[in-house]
Amino acid sequence: MRKLSIVVPVYFNELNLPDTVPQLLALAPKLAELELGLELVFVDDGSGDRSLAILREFQVQHPERIQVVKLTRNFGSMAAIQAGLEVASGDCVTVISADLQDPPDLIVEMAHHWRKGTKTVLAVRTDRKEPLSQRAFASVYYGLMRRYAIPGYPPGGFDFMLIDRQVVEELRRAREKNTNIMSLVFWLGHHPVMIPYVRRGRDKGKSRWTLSKKIKLFIDSFVAFSYVPLRAASALGLLLAVAAFIYGAGVVIIRMTHGVEVQGWTALVVLLTFTSGVQLTMLGVLGEYLWRVLDASRNRPGFVIDEVFSASRGAPVIASALPSRPLARP
């Protein structure tokens, strides 16, 4: 029987997991009707609460279905998803968050499309029952992504998806760090099917998706998929150079033709301050690209797996995983 794996990144979700795990396990009979087995891969991304302990309890109760991956520390949600893709053994893989804001029942509809030959199925948000600030940030982020990075990107974005094993292998070969896995999946193409839905509000627990993490994802996405920041910096530099040349030529002409002394220390100071600020901004844009190049050249692992708790693997596996070096399949 073919298998569907569900990868769930977990970070401080002890309040959600008692509801999330049973709902995902309840999909097994529905998937069996499609002749699909079910595998759940939970990735504990360095949680500081009881998330890992709860996952271990469920894994002991359902060893034939659940694998628990423990990372050595918090590497971020994208790295946790990559770690889950390394361990998942299904013919297709679904990625879903642990807080139940995305409806698990939608996975069955995704599986229907996959059985028909679709390699990428995206659950696209048409609306979200979240605070106004989060909706505003998402609207700006995805609007800029569509306009300047990846044309045709879903306006509401997506975090919930199903991908074929071929797409999983393509993601693993990409070996990208400091990127957005979802954007990379869309960039790969494969003519995705998009299923609209409304994202639910969070009922339990507190989101750890902080403003600083959102800003980093915003920058990571543009650096990974767009050269617009570099081109904007170049265009602004050229514009300032032309303006400075015109201003300088005007000063010389006035001095030579009319003998007028050019005054304006205040204007000069303001001009120098402005241009210095622009130059530092340009250096910052260049720095964002350069430090990611440096990080990639070091070839450090994007995540480190401490243990994998799985009945099929026997004793817990202790491993350091590079995205380019998969763990052995069971």
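This structure is a prediction, so every number in the text was calculated from the model and none was measured.

## Points about the environment of D91
1) Next: With respect to the helices, strands and loops of the structure, D91 is situated in the loop between α4 (77-87) and β4 (92-95).
2) Next: Those residues in contact with D91, other than ones at most four positions away along the chain, are R2, K3, W114, D164 and R165.

## Regarding the packing of aromatic side chains
The geometry of an aromatic ring pair is captured by the separation of the ring centres together with the interplanar angle, meaning the angle of the planes.
1) Next: Taken as a whole and judged by the stated rule, the model has nine aromatic pairs.
2) Next: A centroid spacing of 5.8 Å and a plane angle of 50° characterise the contact between Y141 and F218, whose relative ring orientation is tilted. Of this pair, Y141 sits in helix α6 (residues 132-149) while F218 is found in helix α9 (residues 211-225), placing the two residues 77 residues apart along the sequence.
3) Next: Pairwise contacts between aromatic rings join F137, Y141, Y142, Y153, F158, F186 and F218 into one cluster.
4) Next: Note that R56 overlies the ring of F309, its terminal NZ or CZ placed 3.9 Å from the centroid.
5) Next: Above the plane of the ring of F75 lies R73, whose end atom (NZ or CZ) is 4.0 Å from the centre.

## Details of the pattern of salt bridges
1) Next: Across all of its chains, the model carries nine salt bridges by this definition.
2) Next: The partner of D306 in a salt bridge is K70, and the shortest N-O contact between them spans 2.7 Å. Taken together, the positions of D306 in strand β8 (residues 305-309) and K70 in strand β3 (residues 66-71) put the pair 236 residues apart, joining distant regions of the chain.
3) Next: Given the relative accessible area of 22%, D306 is considered partly exposed.
4) Next: D159 serves as the salt-bridge partner of R125, at 2.9 Å between the closest nitrogen and oxygen. Residue R125 is found in strand β5 (residues 120-128), and its partner D159 is found in the loop between α6 and β6 (160-164); the two are separated by 34 residues along the sequence.

## So, the nonpolar core
1) Next: Counting 41 residues, the largest nonpolar core has V69, L71, Y153, M161 and I163 as its most contacted members.
2) Next: No other element matches the seven residues that α4 contributes to this core.
3) Next: If you look at the next biggest cluster of nonpolar residues, it comprises 38 residues, including L25, L40, M110 and F160.

## As for helix α5 (residues 106-115)
1) Next: Restricting attention to buried positions, one finds in α5 the residues L106, I107, V108, M110, A111 and W114.
2) Next: Two residues or fewer after α5 comes G117, characterised by a positive phi angle close to 115°.

## Examining unusual backbone geometry
1) Next: Positive phi values are uncommon outside glycine, yet F12 reaches one of about 55°.
2) Next: Mapping F12 onto the fold places it in the loop between β1 (2-10) and α1 (17-25).

## Some thoughts on the packing of α1 against helix α3 (residues 51-61)
1) Next: Running from N to C, α1 and α3 point in directions that differ by 30°, and their axes come no closer than 10 Å. As α1 runs across α3, the sense of the crossing is right-handed. Facing L17, P18, V21 and P22 of α1, the residues of α3 in contact are S51, I54, L55 and F58.
2) Next: For the contact of α1 with α3, the class distribution of residues is seven nonpolar, one polar and no charged.

## Re the sheet that holds β3
1) Next: Here eight strands make up an open sheet; going across it, the order is β7-β5-β6-β4-β1-β2-β3-β8 and the pairing mixed. Unpaired on one side and paired on the other, β7 (193-199) and β8 mark the two borders of the sheet. Geometrically, the sheet is characterised by an average inter-axis angle of 20° between neighbouring strands, direction not taken into account.
2) Next: Looking at chain direction, strand β2 (residues 36-44) and β3 are connected through five bridges and run parallel. Looking at the pairing, L40 lines up with I66 of β3.
3) Next: On the sheet, α3 packs against β1, β2, β3 and β8 and is oriented at approximately 155° with respect to β3.

What counts and how
Residues numbered from 1 in each chain as written. Predicted model: local features only at pLDDT ≥ 70, side-chain atom pairs only at ≥ 80, totals over all residues. Heavy atoms only, no water. Helix = DSSP H or I, 4+ residues; strand = E, 2+ residues; numbered from the N terminus. Contact = heavy atoms within 4.5 Å. Phe/Tyr/Trp six-rings, centres within 6.5 Å; stacked < 30°, edge-to-face > 60°. Lys NZ or Arg CZ within 6 Å of the ring centre and 35° of its normal. Salt bridge = Lys/Arg side-chain N within 4 Å of Asp/Glu carboxyl O. Buried < 20%, exposed > 50% of the residue type's maximum accessible area, 1.4 Å probe, protein only. Core = buried A, V, L, I, M, F, W, Y, C linked by side-chain atoms within 4.5 Å. Axes fitted to C-alpha atoms, helices over the stretch in contact; angles between N-to-C directions. Left-handed = near helix turned anticlockwise from the far one by under 90°. Nonpolar A, V, L, I, M, F, W, Y, C, P; charged D, E, K, R; others polar. Pairing = 2+ DSSP bridges.

Keep in mind these values describe shape, not function.
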